[in-house]
Amino acid sequence: MTWLSFTRILTAIAMMPYFLFNYIFNNYAYPAVSKSGAYVFCYFVGNEVDEQRIHLAVSTDGYNFEALNNNEPIILQTKGTGCVRDPYMLKGVDENGKDCYYIIATDMNALEGWTSNHALITWRSYDMINWTDETVIDIRQFEGFETTTRAWAPQAIWDNDKGMYMVYWANSTAENDTAGHYYAYTKDFKTFETEPQVLFGRWNEVDPETGETRNVQCIDGDIIYNEKDGYYYLYFKEDITQKIAYVRSKNLTGPYNTDYTICSLNWYGVEGSSMYRITGTDAWMMIMDEYGEGTFFAQMTRDFKNFRQVQRSTYSVNHLKPRHGSIAAISEEEYFALVDAYGIQEK
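Everything quoted here is computed from the prediction, not taken from an experiment.

S.K.: So what's going on with the overall build of the protein chain? Residues and values would help.
M.R.: Broken down by element type, the protein chain carries two helices and 23 strands. Against the globule reference of 20 Å for 347 residues, the protein chain gives a C-alpha radius of gyration of 20 Å, in line with a compact fold. Seen through its principal axes, the protein chain has C-alpha atoms that stretch 60 × 50 × 40 Å. Counting all 347 residues of the protein chain, 56% fall into the buried class. When the accessible surface of the protein chain is totalled, it reaches about 15,000 Å², and 50% of it is carbon and sulfur. Side-chain charges of the protein chain comprise 28 positive and 47 negative groups, with the mean position of each set lying 5 Å from the other.

S.K.: Help me get a handle on the pairing of strand β9 (residues 164–173), residues and values and all.
M.R.: By the criterion of burial, β9 is predominantly enclosed, with 10 of the 10 residues buried. Looking at chain direction, strand β8 (residues 148–159) and β9 are connected through nine bridges and run antiparallel. Its bridge partner lying in β9, Ala 151 is registered against Asn 171. In this antiparallel pair of consecutive strands, β8 and β9, the connection spans four residues, and Gly 163 shows a positive phi of 70°. In this sheet, strand β10 (residues 180–186) lies alongside β9 in antiparallel orientation, the contact comprising seven bridges.

S.K.: How would you explain the sheet that holds strand β4 (residues 84–93) if you had to name every residue and give the values?
M.R.: Strand order in the open sheet made by the four strands is β4-β5-β6-β7, with antiparallel pairing throughout. At either margin of the open sheet sits one strand with a lone partner, and together these are β4 and β7 (131–138). Across the sheet, the mean angle from the axis of one strand to that of its neighbour is 20°, orientation sign disregarded. Both β4 and strand β5 (residues 99–107) contribute to a ladder of eight bridges, which runs antiparallel. Bridging across to β5, Gly 92 finds its partner in Cys 100.

S.K.: So what's going on with a nonpolar patch on the surface? Which residues, and what values?
M.R.: Together, Met 1, Trp 3, Phe 6, Ile 9, Leu 10 and Ile 13 make up a nonpolar patch on the protein surface, roughly 690 Å² of accessible area in all. The class of Leu 10 is partly exposed, set by a relative accessible area of 44%.

S.K.: Can you explain the packing of aromatic side chains? Please cite residues and give values.
M.R.: Any aromatic ring pair is given by two values, namely how distant the centres are and how the planes are angled relative to each other. Applying the stated criterion across every chain yields a total of 27 aromatic pairs. Residues Tyr 23 and Tyr 30 carry aromatic rings whose centres are separated by 6.3 Å and whose planes lie at 80° to one another, so their mutual orientation is edge-to-face. For Tyr 30, a relative accessible area of 26% puts it in the partly exposed group. An angle of 65° between the planes, with centres 6.0 Å apart, marks the rings of Tyr 102 and Tyr 165 as edge-to-face. Taken together, the residues Tyr 102 in strand β5 and Tyr 165 in strand β9 connect sequence positions 63 residues apart. For the pair Tyr 102 and Tyr 165, a shared accessibility class is recorded, and that class is buried. An aromatic cluster is present here, built from Tyr 233, Tyr 235, Tyr 246, Trp 284, Phe 304 and Phe 307 joined pairwise through their rings.

S.K.: Let's hear about a negative patch on the surface: which residues, and what values?
M.R.: Together, Glu 143, Glu 146, Glu 175 and Glu 195 make up a region of like negative charge exposed at the surface. Within the secondary structure, Glu 195 is located in the loop between β10 and β11 (197–200).

S.K.: Could you give me a rundown of the packing of helix α1 (residues 3–25) against helix α2 (residues 332–342), with the residues and numbers involved?
M.R.: Contact geometry for α1 and α2: axes closest at 10 Å, N-to-C directions at 95°. In terms of orientation, α1 and α2 fall into the roughly perpendicular class. Residues Leu 4, Ser 5 and Arg 8 of α1 form the contact with α2, whose participating residues are Glu 332, Tyr 335 and Phe 336. Among the residues making up the contact of α1 with α2, the classes are represented as three nonpolar, one polar and two charged.

S.K.: Outline the layout of surface pockets, supporting the account with residue identities and numerical values.
M.R.: Empty space within the largest pocket amounts to approximately 950 Å³. As for the largest pocket, its lining consists of 36 residues, of which Ile 157, Ile 223, Ile 224, Tyr 225 and Trp 284 are closest to the centre. Going through the elements one at a time, β4, β8, β14 (218–226), β18 (271–277) and β22 (326–330) are the ones with two or more residues in the lining of the largest pocket. One number sums up the size of the second largest pocket: a volume of about 320 Å³. In this structure, the second largest pocket is lined by 17 residues; those nearest its centre are Thr 11, Phe 19, Asp 61, Tyr 63 and Asn 64. Grouping the constituent residues of the lining of the second largest pocket by class yields eight nonpolar, seven polar and two charged.

S.K.: Residues and numbers for the nonpolar core, please.
M.R.: Ranked by internal contacts, the top residues of the largest apolar core, which has 24 residues, are Val 40, Met 89 and Trp 131. Secondary-structure elements contributing two or more residues to this core are β1 (38–43), β2 (55–59), β4, β5, β6 (119–125), β22 and α2. If sequence neighbours within four positions are ignored, Trp 131 has contacts with Ile 74, Ile 75, Met 89, Tyr 101, Tyr 102, Ile 103, Trp 123, Arg 124 and Ser 125. In terms of nonpolar packing, the next biggest core, distinct from the first, is built from 23 residues, Tyr 39, Ile 278, Phe 296 and Ala 298 among them.

Criteria and cut-off values
- Residues numbered from 1 in each chain as written.
- Predicted model: local features only at pLDDT ≥ 70, side-chain atom pairs only at ≥ 80, totals over all residues.
- Heavy atoms only, no water.
- Helix = DSSP H or I, 4+ residues; strand = E, 2+ residues; numbered from the N terminus.
- Rg over C-alpha atoms; globule rule 2.2 N^0.38 Å.
- Buried < 20%, exposed > 50% of the residue type's maximum accessible area, 1.4 Å probe, protein only.
- Areas by Shrake-Rupley, 256 points an atom, 1.4 Å probe, with all protein chains shown as cover.
- Lys, Arg positive; Asp, Glu negative; His and termini not counted.
- Charge placed at Lys NZ, Arg CZ, Asp CG, Glu CD.
- Pairing = 2+ DSSP bridges.
- Axes fitted to C-alpha atoms, helices over the stretch in contact; angles between N-to-C directions.
- Patch = residues over 30% accessible without salt bridge, like charges linked within 9 Å, V, L, I, M, F, W, Y side chains within 5 Å.
- Salt bridge = Lys/Arg side-chain N within 4 Å of Asp/Glu carboxyl O.
- Phe/Tyr/Trp six-rings, centres within 6.5 Å; stacked < 30°, edge-to-face > 60°.
- Parallel < 35°, antiparallel > 145°, perpendicular 65-115°, else oblique.
- Contact = heavy atoms within 4.5 Å.
- Nonpolar A, V, L, I, M, F, W, Y, C, P; charged D, E, K, R; others polar.
- 1 Å grid on protein atoms, 1.4 Å probe; cavity = no way out; pocket = protein on both sides within 12 Å on 5 of 7 lines; lining within 4 Å.
- Points joined across faces, edges and corners; volume = space filled by probe spheres on them.
- Core = buried A, V, L, I, M, F, W, Y, C linked by side-chain atoms within 4.5 Å.

Keep in mind these values describe shape, not function.
Spelled out as structure tokens, the structure:
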């Protein structure tokens, strides 16, 4: 047993009465205990130029995060707009099958307007310390996307059948200002092997109250595969209620059902949801950006449909002042390497 595992178990034992009381009487989630490794949180912190940068924080339990590098950027972007938002980090492999990490994000400066961007940006690293291969993927290069006005919040998931990563993002054009989700395949996060295709959108949707058709913006997608029922769950921001909803499909590229289900428990408007598993358990965390409040909301599920809120005192990220980001599981060795390289900012 490692030292990190030992301290997690001791903490879980000490907190058991508190967690149990709040689970029974206040309907909060009972925090699952991470069995191994650690976690890294990738995010940006605001809308000013120097706040639209890549930041990292780490956690040994998946709930309480501490900033690296004194909560200063760990990447200084040199291409595209020079500003980055909505970063998604994932562990993958390079073209030669070697383990690495990728960041894929929105290439955008919010000060230029919310319909000003047309590109994604990516990086690659083998240690999360040295980031290289900065690449701008301009969506305007593709037929039918020449007038792109939004290319937001990209993420990626491995497609074993294709042997490539499926990149997906929210896109709008001058001709169709209602953003929906599109996808394309990549081998290297530098170029697309396929043309963008529709993944899911809410165009010509029937309003259940009026019976009239409507177009509703659909952004911030997050796809997770549920091993228990064999479905892909696509979570997204439901623009009318400002909550998180999901649709699902047996196939990664769809079709996804159109009768979406609201699943978030938030009071304030949220966006940018991201899910990650508590290592060694069947518990999944969903975090989301309470963008009007400067805070994050967290909830937990074991079946991808039913959630319980994670008590705010149990989940600590707000001191980082984070905006839309993502969390990935890492090894203990990677955790200590990051701490040695950047240092931890104490709360």
